[in-house]
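So you can see what is in the structure, the chains are spelled out below.
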Amino acid sequence: MHVRRKLVAGNWKMNGNLAQLAELHAIAEAARAAGGVDVAVCPPFTLIAPAVTRAGGAIVIGAQDCHAEESGAHTGNVSAAMIKEAGGRMAIVGHSERRAEQQESDVAVRGKAVAALRHGFVTIVCVGESALDRAAGSHVDVVERQLEGSLPDSWEEGELVLAYEPIWAIGTGNVATPADIGEMHAAIRRHLVGRFGDSGQRTRILYGGSVKADNAAEIFAVADVDGALVGGASLTADLFVPIIEAAARS
Ligand code: PGA
């Protein structure tokens, strides 16, 4: 029986500025006080270095994406090496907004995950079905295919983390039910253990999609939920700290 330490990671998306980094002070305080929970915040690239200074070690600071290569002619992109130099220690890859807006394929996501892991990052690979997939009853198959295509075959450095984020639950307030979450997390766990054995058992699986203070405890109580990837409710300490506290209590 593996005890997986809960991870609560904030995804600021294209939000935030230098003034908003003041929120990190209270978030870091709460992370220290809660104990036993890993807390991370992924701001836009431009805020990573100042966020690291503000966070003071109590929270991991990460990026919302990284390029698969180290450097080169890739205008507008940022590599894992650059994120690391700025103090980042985590990367989210394959978020559904990037899969949709940047047309990122599973193969592209896999390349990014490999790069992030190579730099020793905690690497959060996101998967999740659309409302149409769910209506068609193909949600588990869709996520299985994403897992097959997006995950590296092995990794020596860094730590792989999965995030199940049903697209229809992101930013909508329509949180998935505990039964929906339980069904998918069990399927993801089966895939991870079947493919990676013991390390698949240790891999954390986060739920993401409209996680808030008032639903966090119920979500953390579901089997195989090892934390949350939080968008809107990670932008201020008032909203984020109760989620950290719920994870600590679970
Ligand atoms: P949300 O976003 O919490 O605002 O729904 C979650 C995410 O996209 O990671």
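A brief look at the structure comes next. Since we're looking at a predicted model, the values are computed, not measured. (Residues numbered from 1 in each chain as written. Predicted model: local features only at pLDDT ≥ 70, side-chain atom pairs only at ≥ 80, totals over all residues. Heavy atoms only, no water.)

### Details of the nonpolar core
If you look at the biggest cluster of nonpolar residues, it comprises 63 residues, and the most contacted ones within it are Val8, Leu24, Ile59, Leu162, Ile188, Tyr207 and Phe220. The contacts of Tyr207, once residues within four sequence positions are left out, are Tyr164, Pro166, Ala169, Val175, Ala176, Ile181, His185, Ile219, Val225, Gly227, Ala228 and Leu229. Leu7, Met90, Ile92 and Val161 belong to the second largest nonpolar core, which has 13 residues in total. (Core = buried A, V, L, I, M, F, W, Y, C linked by side-chain atoms within 4.5 Å. Buried < 20%, exposed > 50% of the residue type's maximum accessible area, 1.4 Å probe, protein only. Contact = heavy atoms within 4.5 Å.)

### Points about unusual backbone geometry
Phi is positive for Gln103, close to 50 degrees, though the residue is something other than glycine. Positive phi, normally seen in glycine, also occurs at Ser210, with a value near 60 degrees. As for its placement among the helices and strands, Ser210 is situated in the loop between β7 (204–208) and α10 (213–220). On the basis of relative accessible area, Ser210 is assigned to the buried category, the value being 8%. (Helix = DSSP H or I, 4+ residues; strand = E, 2+ residues; numbered from the N terminus.)

### Some remarks on the site of the ligand
In the vicinity of the ligand, 13 residues are found, and the nearest of them are Lys13, His95, Glu165, Gly171 and Ser210. Within the contact set of the ligand, an oxygen atom lies 2.6 Å away from a side-chain nitrogen or oxygen of Glu165. Out of a free accessible area of 290 Å², the ligand has 97% covered by protein chains. Per-class residue counts for the shell around the ligand are four nonpolar, seven polar and two charged. (Near = heavy atom within 4 Å. Polar contact = N/O pair within 3.5 Å; in protein donor to acceptor, adjacent residues only side chain to side chain. Areas by Shrake-Rupley, 256 points an atom, 1.4 Å probe, with all protein chains shown as cover. Nonpolar A, V, L, I, M, F, W, Y, C, P; charged D, E, K, R; others polar.)

### Observations regarding α10
For α10, the full list of buried residues reads Asn215, Ala216, Ile219 and Phe220. All buried residues of α10 project into a common sector of 135 degrees when viewed along the axis, lining one side. Buried residues belonging to α10 abut β1 (6–11), α8 (178–196), β7, β8 (227–230) and α11 (237–249). (Arc of directions from axis to C-beta.)

### Observations concerning the packing of helix α5 (residues 106–118) against helix α7 (residues 139–150)
Orientation of α5 relative to α7, taken along the N-to-C sense of each, is 50 degrees, at an axis distance of 7 Å. The angle between α5 and α7 places the two elements in the oblique class. The handedness of the crossing between α5 and α7 is right-handed. Note on element contacts: α7 touches α5 through Arg145, Gln146, Gly149 and Ser150, opposite Asp106, Val107, Val109, Arg110 and Ala113. Classifying every residue of the contact of α5 with α7 by side-chain character gives three nonpolar, three polar and three charged. (Axes fitted to C-alpha atoms, helices over the stretch in contact; angles between N-to-C directions. Parallel < 35°, antiparallel > 145°, perpendicular 65-115°, else oblique. Left-handed = near helix turned anticlockwise from the far one by under 90°.)

### Digging into the pairing of β8
By the alternation rule, side chains of β8 split into Gly227 and Leu229 and Ala228 and Val230, which are all buried. Summarising the sheet, β1 and β8 pair through four bridges and their orientation is parallel. The residue of β8 that forms the bridge with Gly10 is Val230. Taken together, the two bridges between β7 and β8 define a ladder with parallel strand orientation. Counterpart to Tyr207 in the pairing with β8 is Ala228. Each parallel crossover has a hand, and for β7 linked through α10 to β8 it is right-handed. (Pairing = 2+ DSSP bridges. Right-handed = clockwise from strand over helix to strand, strands pointing away.)

### Considering the pattern of salt bridges
Evaluated as defined, the whole model comprises 20 salt bridges. As a salt-bridge pair, Asp65 and Arg98 come within 3.3 Å of each other at their nearest N and O atoms. Here Asp65 is found in the loop between β3 (60–63) and α3 (80–85), whereas its partner Arg98 is found in helix α4 (residues 96–101), with 33 residues between them in sequence. Note that Arg110 is salt-bridged to Asp153, the shortest N-O span being 3.1 Å. Here the residue Arg110 occupies a position in helix α5, and Asp153 occupies one in the loop between α7 and β6 (159–164), the gap between them amounting to 43 residues. Judged by its relative accessible area of 28%, Arg110 is partly exposed. For Asp153, a relative accessible area of 56% translates into the label exposed. A cluster of three or more residues bridged by salt bridges with shared partners is formed by Arg4, Arg189, Asp224 and Asp226. (Salt bridge = Lys/Arg side-chain N within 4 Å of Asp/Glu carboxyl O.)

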